[in-house]
Amino acid sequence: MKKEEIKEILSKSKVAVAGLGGLGSNIAVMLARSGVGHLRLIDFDVVEESNLNRQAYSLSDIGKPKAGALLEILNGINPKAEYEIFQLKITPDNVEELFRGFPVVCEALDSAQEKAMLVREVLLKCPGATVVSGNGMVGFGAANEIVTEQKMKRLYVCGDFKTGIEDTDVILAPRVMICAGHQANKAIELILEGK
Amino acid sequence: MVIVNGEAKDAAGKSLKQLLDEEGYELSRIVVERNLEIVPKESYDTIIIEDNDSIEVLSFVGGG
């Protein structure tokens, strides 16, 4: 595929990002830089000082809703794309409404329970969606432990599959951003493969 | 034989919930696919595993 063709396909593509913390904010920035034409971004939370060690936000964003702060960052990178922001909590009841029509959904939530809920509900309720999920990227250790694997028919999972916030409160930017990079890269791969 | 995460197991006849409990899964953290179809959480109890079923269980850890 030639560069111009890739640019054209990406500019017409749509990706939803669920959760705008360490994974989601960095995934969104990478997809915006790559020229993805339409991003739907969802998070209920506001930026706190403790987020700045790994999330895409700055000191001046503290106290702002993450969705709104990220919108400003993305408009500063690629204002030609369409960004839709939702400041709300994702529940089984709003999954269909939020993710229907999006061929690629990046799961970037924090708790294991919410990750499982989102992946299950999207795969059940949105038959056209492929999910790219993050699973295991906290702590420290080899970057090469973080991989992308297809685990189910419409589910790709990125991470080391084991290091969770249940075991450690050490969360460092590089491993989080490596995992976010895997997710953004798989999202682009899916778009270019026509999924 | 039943294939669970790529391994052959003697699980035919058990309920899906029984298998998941025996394997030590925490039900709130997992997604289950049976014969390439996602299983709703409410169905774990009622699904009886059949011979030649292929089951994939993904367990999540927190962080994101």
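Note: the structure precedes this text.
Every value quoted in this text rests on a predicted model; they were computed, and no experiment measured them.

**Student:** Let's hear about the overall build of chain B: which residues, and what values?
**Tutor:** For chain B, the count of helices and strands is one helix and five strands. The secondary structure elements of chain B, listed N-terminal to C-terminal, are β-β-α-β-β-β. Relative to the compact-globule value of 11 Å for 64 residues, chain B shows a C-alpha radius of gyration of 11 Å, a close match. Each principal axis of the C-alpha distribution contributes one length, and for chain B these read about 35 × 25 × 20 Å. Residues classed as buried in chain B amount to 44% of the 64 residues present. The long-range fraction of contacts in chain B, counting pairs at least 24 apart against all pairs at least 6 apart in sequence, stands at 56%.

**Student:** Mind laying out the pattern of salt bridges, listing which residues take part and the relevant values?
**Tutor:** All names here are of chain A. Per the stated rule, a full pass over the model turns up 21 salt bridges over all chains. The shortest N-O distance in the salt bridge between E114 and K89 comes to 2.8 Å. Taken together, the residues span a long stretch of sequence, with E114 in helix α5 (residues 112-125) and K89 in the loop between β3 (82-86) and α4 (95-99) at a distance of 25 residues. Relative accessible area serves as the criterion here: at 39%, K89 is assigned to the partly exposed category.

**Student:** Can you lay out the packing of aromatic side chains for me, pointing to particular residues and giving the numbers?
**Tutor:** How two aromatic rings sit relative to each other is set out by the distance from centre to centre and by the angle between their planes. Within this structure, the stated rule accounts for zero aromatic pairs over all chains. Its guanidinium or amino end placed over the ring of F102 of chain A, K14 of chain A lies 4.7 Å from that ring's centre, counting from NZ or CZ.

**Student:** Please provide a residue-by-residue account of the sheet that holds strand β5 (residues 130-134) of chain A, values included.
**Tutor:** Residues and elements named next belong to chain A. Ordered in space as β3-β2-β1-β4-β5-β7-β6, the seven strands form an open sheet in which the pairing is mixed. Each having just a single partner strand, β3 and β6 (147-152) make up the two edges of the open sheet. On average, adjacent strands in this sheet sit at an angle of 20° to one another, irrespective of strand direction. Across the sheet, helix α3 (residues 66-77) lies against β2 (38-42) and β3, angled at about 170° from β3, the strand it touches most. Across the sheet, α5 touches β1 (14-18), β4 (104-107), β5 and β7 (155-159), and the angle it forms with β5 is around 170°.

**Student:** So what about the interface of chain B and chain A? Which residues, and what values?
**Tutor:** Counting residues at the interface gives 23 residues for chain B and 34 residues for chain A. Counting each side, the surface lost to burial between chain B and chain A is near 2,100 Å², with a carbon and sulfur contribution of 62%. The largest per-residue losses of area from chain B upon contact with chain A belong to F60, V61 and G64 of chain B, which jointly make up 30% of the total buried on that side. Taken together, the connections running from chain B to chain A amount to one salt bridge. Note that R29 of chain B is salt-bridged to E166 of chain A, the shortest N-O span being 2.9 Å. Counting across the chain B and chain A interface gives 13 residue pairs in polar contact (both at pLDDT 80 or more). Put simply, the parts of the chain that give the side of chain B that touches chain A at least two residues each are β3 (30-34), β4 (37-38) and β5 (54-59) of chain B. With four residues, the single largest contributor to the side of chain B that touches chain A is β3 of chain B. By residue class, the composition of the side of chain B that touches chain A is twelve nonpolar, five polar and six charged.

**Student:** Describe a nonpolar patch on the surface, with residues and values.
**Tutor:** Residue and element names in this part refer to chain A. Together, F140, V170 and L172 make up a nonpolar patch on the protein surface, roughly 290 Å² of accessible area in all. Tracing the backbone shows V170 in the loop between β7 and α6 (173-192). For V170, a relative accessible area of 30% corresponds to the partly exposed category.

Thresholds applied
Residues numbered from 1 in each chain as written. Chains lettered and ligands numbered in written order. Predicted model: local features only at pLDDT ≥ 70, side-chain atom pairs only at ≥ 80, totals over all residues. Heavy atoms only, no water. Helix = DSSP H or I, 4+ residues; strand = E, 2+ residues; numbered from the N terminus. Rg over C-alpha atoms; globule rule 2.2 N^0.38 Å. Buried < 20%, exposed > 50% of the residue type's maximum accessible area, 1.4 Å probe, protein only. Contact = heavy atoms within 4.5 Å. Salt bridge = Lys/Arg side-chain N within 4 Å of Asp/Glu carboxyl O. Phe/Tyr/Trp six-rings, centres within 6.5 Å; stacked < 30°, edge-to-face > 60°. Lys NZ or Arg CZ within 6 Å of the ring centre and 35° of its normal. Pairing = 2+ DSSP bridges. Axes fitted to C-alpha atoms, helices over the stretch in contact; angles between N-to-C directions. Buried area = accessible area lost by both parts, 1.4 Å probe. Polar contact = N/O pair within 3.5 Å; in protein donor to acceptor, adjacent residues only side chain to side chain. Nonpolar A, V, L, I, M, F, W, Y, C, P; charged D, E, K, R; others polar. Patch = residues over 30% accessible without salt bridge, like charges linked within 9 Å, V, L, I, M, F, W, Y side chains within 5 Å. Areas by Shrake-Rupley, 256 points an atom, 1.4 Å probe, with all protein chains shown as cover.

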